[in-house]
Amino acid sequence: MSLTTGAGPSTARGHRVFAAVLVVVLLLWNNVVVAVVPSSAYVPLNCAAAAVLLGAARWSGLSWEQLGLSRSRVRAGLAWGGGAFALVAALYATGLVVPGLQPLLADDRVAGADFGDIAGNVLVRIPLGTVLWEEVAFRGVLLAALARVLPLRSAVVVAAVVFGLWHVRPTLSGVAANDLADGPWLVGLVVVLGCVATAAAGLLFTWLRLRSGSLLAPALLHLATNAMGTVAAVAAHRLG
C-alpha cells in the first residue's frame, strides 16, 4: 500500500522540514525527556504526545490511510496482528515450560514486583504509554512523513534506525539492572547490539503495518512482545 501523496513542489520543502524535525524530536524524547519526568507522568505524557503528533500529522496533510488508521483496514489489522499475537504467546509459553529456556526470560527489573505493579505495567503502562505512543510515532506518523520525501524502502530503513536509537536509554537501564556487562566498552557493545535488535524489530513491525495497511497489526505484535514478555519474566523468576 502506497504511503506517498501527490504533493507538488511548493510543499516539498515543508514536508522535508516536518520529517527532519520529527526525527530529532523522537530521538530526544525517549532518551532525554522521559528520563527527567516522574514515572507517574509516563502514561499521560506519552498519550498526550501521541495526540499532538497525530494532530501535527493531519495538519501537515497526511491522511488517516497514510497513518495506518483507516477504518477500512481494521479487519486486516486484526487478522495479521492477532496471528502475530498468538505466535508470540506460543513462543513465551514454550520458553516457560522448557527449563533450560527459563533463564532467558528472566529480568531483574520485575523480580520484586508485586501484583499491583505487574498489573499496572501490563494493563496500562505498556499498552498506553509504550505501544500506543510508539506505534503512532514510528509506524504511523514517522513512516508516513518519511515516505513523502524518500523512496519507501529508504523511509522504512530510516524509521527503523530511529526506532533502534530511541532505545539507547532503555537498553542502558536493562544492562544496569541485570548486570549484563562490566566496563564501558562492553556496556557500549551491549547497547549497540540491543539497538540493532530493536531496529530489526522495527522492520518487522513496519512490514506488518504495510502488509495489513493498519497500525493494529504491529500494535498487537508490540503488545504481545512487551506485555506478555513482562508476565513471562515474572513467571520465570518464580519458577526458577
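Note that the structure is predicted; figures quoted are calculated from it, not measured.

Parameters at a glance
- Here the residue numbering is sequential within each chain, running from 1 through the sequence in written order.
- Predicted model: local features are reported for residues with pLDDT of at least 70 only, side-chain atom pairs are reported and counted for 80 or more only, and whole-chain, interface and lining totals are derived from all residues.
- The basis for the side-chain values is all heavy atoms of the structure; hydrogens and waters are excluded.
- Helix and strand labels come from DSSP, where a helix needs a run of H or I of at least four residues and a strand needs a run of E of at least two; each type is numbered from the N terminus.
- The rule is simple: take the accessible area with a 1.4 Å probe, protein chains only, and divide by the maximum for that residue type; under 20% is buried, over 50% is exposed, in between is partly exposed.
- Counting rule for charge: Lys and Arg are taken as positive, Asp and Glu as negative, and neither His nor the chain ends is counted.
- For this document, the term salt bridge refers to a Lys or Arg side-chain nitrogen within 4 Å of an Asp or Glu carboxyl oxygen.
- Two N or O atoms form a polar contact when they lie within 3.5 Å of each other; inside protein one atom must be a possible hydrogen donor and the other a possible acceptor, and for residues adjacent in sequence the pair counts only when both atoms belong to side chains.
- In what follows, residue pairs with any heavy atoms lying within 4.5 Å of each other are defined as contacts.
- Patch definition: residues with relative accessible area over 30% and no salt bridge; like charges joined within 9 Å; nonpolar side chains (Val, Leu, Ile, Met, Phe, Trp, Tyr) joined within 5 Å.
- In these tables, accessible area is a Shrake-Rupley quantity obtained with a 1.4 Å probe, and a residue counts as shielded only by the protein chains included in the view.

S.K.: Any chance you could break down the side chain of R209 for me, citing the residues and the numbers?
M.R.: Looking at where R209 falls in the secondary structure, it is placed in helix α8 (residues 184-212). E135 is the oppositely charged side chain nearest to the buried, salt-bridge-free R209, at an N-O distance of 7.8 Å. Here the side chain of R209 touches R139 through a polar contact of 3.2 Å, landing on its backbone oxygen. Among residues more than four places away in sequence, those in contact with R209 are L3, E65, Q66, L67, G68, R139, L143, S214, L215 and P218.

S.K.: Before we move on, can you summarise the side chain of N46 with the specific residues and values?
M.R.: Counting through the fold element by element, N46 comes out in helix α2 (residues 42-59). Among the polar contacts made by the side chain of N46, one reaches the main-chain carbonyl oxygen of G129 at a distance of 2.7 Å. Ignoring sequence-local partners within four residues, the contact set of N46 consists of W29, V34, G129 and W133.

S.K.: Describe a nonpolar patch on the surface, listing the residues and the values that go with them.
M.R.: Together, V97, V98, L101 and L104 line one region of the surface with nonpolar side chains, adding up to about 380 Å² of accessible area. Within the secondary structure layout, V98 lies in the loop between α3 (74-97) and α4 (102-105).

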